[in-house]
Amino acid sequence: MKKLTHIDASGRPKMVDVSEKPDTQREAVAKGTVRMQAATFDLLKGGKMPKGNVLAVAQLAGIMAAKQTPHIIPLCHPVLIGDIKVEFNLDERNSAVEITTTVKSTGKTGVEMEALTATAVAALTIYDMG
């Protein structure tokens, strides 16, 4: 059986020790999709949502969320983030917003959790403002 990395010998949670690992360049990409009614999508696309510029707010929310990941995900290492891109593609056929987040860092551990957190929060923001 494979050893669990976030559990110690007594079965208690523990942070993985990455102190001996070399710094390397890291990049993670996460994607998500928010589907909505066609009428809502048309308002969003036209910049006429009552709560304001949904995509600008969602982009900022995603960036901010990536930076806060170790505060909301247990045992997640704080990492120095070099770059975060939260991008949107409007899928008219499916009345959906496709979210792609790319996070880059140089460090001892990856940035997958930061990319996933940014994508999730951007999606939640789109939903909330919709």
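See the structure shown above.
Position labels on residues start from 1 in each chain and follow its written sequence. This being a predicted model, a pLDDT of at least 70 is required before a residue's local features are given, and a value of 80 or more before pairs of side-chain atoms are given or counted; all residues contribute to the totals for chains, interfaces and linings. Think of the side-chain values as coming from all heavy atoms in the structure, minus any hydrogens and water.

## Some points on the layout of surface pockets
- Two kinds of site are reported from a 1 Å grid over the protein atoms alone, namely cavities, where a 1.4 Å probe fits but cannot get out, and pockets, open sets with protein on both sides within 12 Å along at least five of seven lines, and residues are called lining when an atom falls within 4 Å of a point. Grid points are joined across faces, edges and corners, and a volume is the space filled by probe spheres set on the points. When its volume is computed, the largest pocket comes out at roughly 210 Å³.
- Lining the largest pocket are 14 residues; nearest its centre among them are His6, Cys76, His77, Thr109 and Met113.

## Some remarks on the side chain of Asp91
- Examined against the element boundaries, Asp91 turns out to sit in strand β2 (residues 81-91).
- Non-local contacts of Asp91, meaning those with residues more than four positions away in its chain, are made with Phe41, Ala96 and Glu98. For the purposes of this entry, the term helix denotes a DSSP run of H or I that reaches at least four residues, the term strand denotes a run of E that reaches at least two, and both are numbered from the N terminus. The contact criterion used throughout is that any non-hydrogen atoms of two residues lie within 4.5 Å.

## Observations regarding the environment of Lys85
- Note that Lys85 resides in strand β2.
- Exposure remark for Lys85: the relative accessible area of 39% places this residue in the partly exposed category.
- Considered as a pair, Lys85 and Gln59 are 26 residues apart in the sequence and their alpha carbons are 8.3 Å apart.
- The contact partners of Lys85, leaving out residues within four places of it in the chain, are Thr100, Thr101 and Thr102. Classification of residues uses two cut-offs on accessible area relative to the type maximum, computed with a 1.4 Å probe and protein chains only: under 20% is buried, over 50% is exposed, and between them is partly exposed.

## Let's talk about the nonpolar core
- Grouping buried Ala, Val, Leu, Ile, Met, Phe, Trp, Tyr and Cys residues that are joined through side-chain atoms within 4.5 Å yields what is termed a nonpolar core. In this structure, Met36, Leu44, Val97, Ile99 and Ile126 are the most contacted members of the largest nonpolar core, which totals 23 residues.
- Elements supplying a minimum of two residues to this core: β1 (24-35), α1 (38-45), α2 (54-72), β2, β3 (96-107) and α3 (112-129).
- When residues of this core are assigned to their parent elements, the largest contribution, six residues, is made by α3.
- Those residues in contact with Leu44, other than ones at most four positions away along the chain, are Met36, Met49, Val54, Leu55, Leu90, Val97 and Ile126.

## Section: the side chain of Thr69
- Relative to the helices and strands, Thr69 resides in helix α2.
- Polar contact criterion, stated in full: a pair of N or O atoms within 3.5 Å, where within protein one must be able to donate a hydrogen and the other to accept it, and residues adjacent in sequence count only if both atoms are side-chain atoms. A distance of 2.9 Å separates a polar atom in the side chain of Thr69 from the backbone oxygen of Ala66.

## Quick notes on the packing of α2 against α3
- Here an axis means a line fitted to C-alpha atoms, over the contact stretch when the element is a helix, while the angle between two N-to-C directions is reported on a 0 to 180 degree scale. Between α2 and α3, the shortest axis-to-axis distance is 7 Å and the interhelical angle comes to 140°. The angle between α2 and α3 falls in the class oblique. Like other packed secondary-structure pairs, α2 and α3 cross with a definite hand, here right-handed. Only Met113, Glu114, Thr117, Ala118, Val121, Ala122, Thr125, Ile126 and Met129 of α3 make contact with α2, whose side of the interface consists of Val54, Leu55, Val57, Ala58, Ala61, Gly62, Ala65, Ala66, Thr69 and Ile72. Each angle receives one of four descriptions, namely roughly parallel if under 35 degrees, roughly antiparallel if over 145, roughly perpendicular if within 65 to 115, and oblique otherwise. By the definition used in this description, the sense in which the near helix is turned from the far one sets the handedness, with an anticlockwise turn below a right angle giving left-handed and a clockwise turn giving right-handed.

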